[in-house]
Amino acid sequence: MVIIIRRATRSQIPEIVNYVMASRAKIFPGQDQAVIPDLARFQETYIEHPDGCFLTAHGEDGQIVAAIGYLAYDPRFPQLDLGHERVVEVVRLYVNPSWRRAGLASRLFAELMRHAHEAGIGRLYLHTHPHLPGAIRFWERQGFAILDVQETTRWGSVVHMSRLSSPSPSASLAVDFVPNAGIPKPNGSFAVNHQQIKGF
Ligand SMILES: CC(C)(COP(=O)(O)OP(=O)(O)OC[C@H]1O[C@@H](n2cnc3c(N)ncnc32)[C@H](O)[C@@H]1OP(=O)(O)O)[C@@H](O)C(=O)NCCC(=O)NCCS
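Residues numbered from 1 in each chain as written. Predicted model: local features only at pLDDT ≥ 70, side-chain atom pairs only at ≥ 80, totals over all residues.

A closer look at the site of the ligand
No. 1: In the vicinity of the ligand, 20 residues are found, and the nearest of them are Arg-100, Ala-105, Ser-106, Leu-132 and Gly-134.
No. 2: Mapped by element, the contributors of at least two residues to the shell around the ligand are strand E4 (87–95), helix H4 (104–118) and helix H5 (135–141). (Near = placed C-beta within 6 Å. Helix = DSSP H or I, 4+ residues; strand = E, 2+ residues; numbered from the N terminus.)

Given below as structure tokens:
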């Protein structure tokens, strides 16, 4: 199965907003379904802003099967020491259930970090929640360390994590990919469309 990773363009905004809102409703049921501010200002936040980026992964039918983005960090957590580097916040990581545990989120994150590093971003911040299966483990596997745990919200704790940006290994990916196979297979096809990523 060929998976194409693309950097978001203006024409994709409605499709991406629908995908993220639908995915979010599944993992945070009962939450307000109004379009969230970063999505409502998608173009300014992720396409035009120098500290913004959004990637989607598409299956062979062109449908989005996963997404991830980063945006300029809003320094709203005074307890966190994020240093003096340029900081972005990693957000909106979702992988469709049938594509999980096959390396797709890892591949998306590698692409995102490659972009961040090329853009001169120094540090990546995110927060997550223990009720999301595998999320903390996933981020630890991507090199994030826990900075703080807040026991505050209706979703239980908020786990704040961060890591320095670094160059990702070259993404000349003919990484083999089979949904839910868990183990990459030889001669598979998990391609990154570099033209799309670089030339938006
Ligand atoms: C968390 C999520 C993004 C992982 O996506 P994925 O494509 O399955 O992740 P990968 O296949 O790249 O996983 C890489 C590693 O992360 C860890 N990991 C991922 N999912 C895990 C899970 N459910 N349980 C335990 N560890 C997990 C494993 O160490 C895995 O390596 P392995 O499969 O060789 O053991 C996906 O489950 C998802 O979309 N969940 C719902 C949304 C969400 O929680 N987003 C994160 C919000 S911060």
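We are not done yet, so read on.
Points about the environment of Tyr-70
No. 1: In this fold, Tyr-70 is placed in strand E3 (residues 64–72).
No. 2: As a C-alpha pair, Tyr-70 and Leu-112 span 42 residues in sequence and 7.9 Å in three-dimensional space.
No. 3: Apart from residues lying up to four places away in sequence, Tyr-70 is in contact with Gly-52, Cys-53, Val-88, Glu-89, Val-90, Val-91, Leu-112, Ala-116 and Leu-124. (Contact = placed C-beta atoms within 7 Å.)

Some words on the confidence of the model for the protein
No. 1: Model confidence for the protein is summarised by a mean pLDDT of 86, while 82% of its residues fall at 70 or above.
No. 2: The low-confidence segment residues 182–190, where pLDDT is below 50, has 23 contacts with residues more than four positions distant or belonging to other chains.
No. 3: Note that pLDDT drops below 50 for residues 192–200; the model gives that stretch 16 contacts with residues more than four away or on any other chain. (pLDDT = per-residue confidence, 0-100.)

With respect to the environment of His-131
No. 1: On the secondary structure map, His-131 appears in the loop between strand E5 (123–128) and H5.
No. 2: Since 11 C-beta atoms lie within 10 Å of it, His-131 is described here as exposed.
No. 3: Measuring from C-alpha to C-alpha, the distance between His-131 and Ser-157 comes to 8.6 Å, with 26 residues separating the pair along the chain. (Buried ≥ 20, exposed ≤ 12 C-beta atoms within 10 Å, placed from the backbone.)

Quick look at the nonpolar core
No. 1: Counting 45 residues, the largest nonpolar core has Ala-66, Tyr-70, Leu-104, Leu-108 and Leu-112 as its most contacted members.
No. 2: Ranked by residue count, the leading element in this core is H4, at eight residues.
No. 3: Ignoring anything within four residues of it in the chain, the contact list for Leu-104 reads Ile-3, Ala-57, Ala-66, Val-95 and Trp-99. (Core = buried A, V, L, I, M, F, W, Y, C linked by C-beta atoms within 7 Å.)

Remarks on H4
No. 1: When the terminal C-alpha atoms of H4 are compared, their 21 Å separation across 15 residues agrees well with the 21 Å that a helix rising 1.5 Å per residue should span.
No. 2: The complete set of buried residues in H4 reads Leu-104, Ala-105, Arg-107, Leu-108, Phe-109, Ala-110, Glu-111, Leu-112, Met-113 and Ala-116.
No. 3: Looking one or two residues beyond H4, the residue adopting positive phi is Gly-120, at roughly 85 degrees. (Expected span 1.5 Å × (residues − 1).)

Things to note about unusual backbone geometry
No. 1: Even without being glycine, Arg-92 reaches a positive phi, approximately 60 degrees.
No. 2: Mapped onto the elements, Arg-92 comes out in strand E4.
No. 3: Taking the number of C-beta atoms within 10 Å as the measure of exposure, Arg-92 has 21 and is therefore buried.
No. 4: Its identity is not glycine, yet Arg-101 carries a phi of approximately 60 degrees, on the positive side.
No. 5: Structurally, Arg-101 can be placed in the loop between E4 and H4.

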